[in-house]
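# Architecture and fold: a report
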Amino acid sequence: MNGKTELIRYFNDELRRNLTRGGAFMTLGVAALGPDVAERIFEAITLYDSFCQDSDPYGERDFGSVKIEGHTIFFKIDCYSNDMMHGSPDPSDPSVTKRILTIMLSDEY
């Protein structure tokens, strides 16, 4: 793993572990499960540490899956330019990157 990948991984982990700081969104399908289920989903994502080659081939910790109350939930981190119009020119540099974590039902992917 190179230095840039380690930085991307670090910043992705920071977002995932601190969902209340902003940058996390849920789909309508997840919201429809209700606030109690959503809270359990957020907690599971915050604690998630089951990254593997199949779901994380680049080692950036930008995708995962959890099961909550019979629902398969995906989370995905995307890195955008600060104006949110394009992908980040350098996801390892937080000064030019806006990270967004999207939480969705697996059938919404």
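Now for a look at the structure at hand. The residue count restarts for each chain, going from 1 along the sequence in the order it is written. Whole-chain, interface and lining totals are the exception, using all residues; otherwise, since this is a predicted model, local features are given only for residues with pLDDT of at least 70 and side-chain atom pairs are given and counted only at 80 or more. Heavy atoms from the whole structure form the basis of all side-chain values; hydrogens and water molecules are not counted.

## Comments concerning the sheet that holds strand β1 (residues 24-26)
- Two strands qualify as a pair provided DSSP detects at least 2 bridges between them. Comment: elements are numbered from the N terminus, with helices defined as DSSP H or I runs of at least four residues and strands as E runs of at least two. Taken in spatial order, the 4 strands make up an open sheet running β1-β4-β3-β2, and their pairing is mixed. The sheet is open, and its two edges are formed by β1 and β2 (63-68), each paired on a single side. Pairwise comparison of adjacent strand axes, ignoring direction, gives a mean angle of 20° for this sheet.
- Here, residues are in contact when the closest pair of their heavy atoms is within 4.5 Å. Axes, fitted as lines to C-alpha atoms, cover a helix only where it is in contact. Angles between the N-to-C directions of the axes lie from 0 to 180 degrees. This element, helix α1 (residues 3-17), spans β3 (71-80) and β4 (98-105) of the sheet and lies at about 55° to β4.
- Along the sheet face, helix α3 (residues 35-47) touches β1, β2, β3 and β4 and points at about 135° away from the line of β2.

## Looking at the pairing of β2
- In this structure, β2 lies alongside β3, joined through 6 bridges in antiparallel fashion. When the sheet's bridge partners are listed, phenylalanine 63 is paired in β3 with lysine 76.
- As consecutive antiparallel partners, β2 and β3 are separated by 2 residues, and within that stretch glutamate 69 has a phi angle of approximately 50°, a positive value.

## Some words on unusual backbone geometry
- Despite not being glycine, arginine 61 shows a phi value in the positive range, around 55°.
- Locating arginine 61 in the fold gives a position in the loop between α3 and β2.
- The buried label goes to any residue with under 20% of its type's maximum accessible area, the exposed label to any with over 50%, and the partly exposed label to all in between, with areas taken from a 1.4 Å probe on protein chains only. Given a relative accessible area of 12%, arginine 61 falls into the buried group.

## A word on the environment of histidine 86
- Here histidine 86 is to be found in the loop between β3 and β4.
- Judged by relative accessible area, histidine 86 falls into the exposed class, the value being 53%.
- Not counting the four nearest positions on each side in its chain, histidine 86 is found in contact with Tyr80 and Ser81.

## Observations regarding the pattern of salt bridges
- A pairing counts as a salt bridge when a side-chain nitrogen of Lys or Arg comes within 4 Å of a carboxyl oxygen of Asp or Glu. The final tally for this structure, using the stated rule, is 7 salt bridges.
- When the shortest N-O distance is used, the salt bridge between aspartate 13 and arginine 61 registers 3.1 Å. Here aspartate 13, found in helix α1, pairs with arginine 61, found in the loop between α3 and β2; they are 48 residues apart in sequence, far enough to count as distant. The same class applies to aspartate 13 as to arginine 61, namely buried.
- Ionic pairing is found between glutamate 69 and arginine 40, a salt bridge with its closest N-O pair at 2.3 Å. Of this pair, glutamate 69 sits in the loop between β2 and β3 while arginine 40 sits in helix α3, placing them 29 residues apart in sequence.
- A residue is classified by how much of its surface remains accessible, and glutamate 69, at 51% relative accessible area, is exposed.

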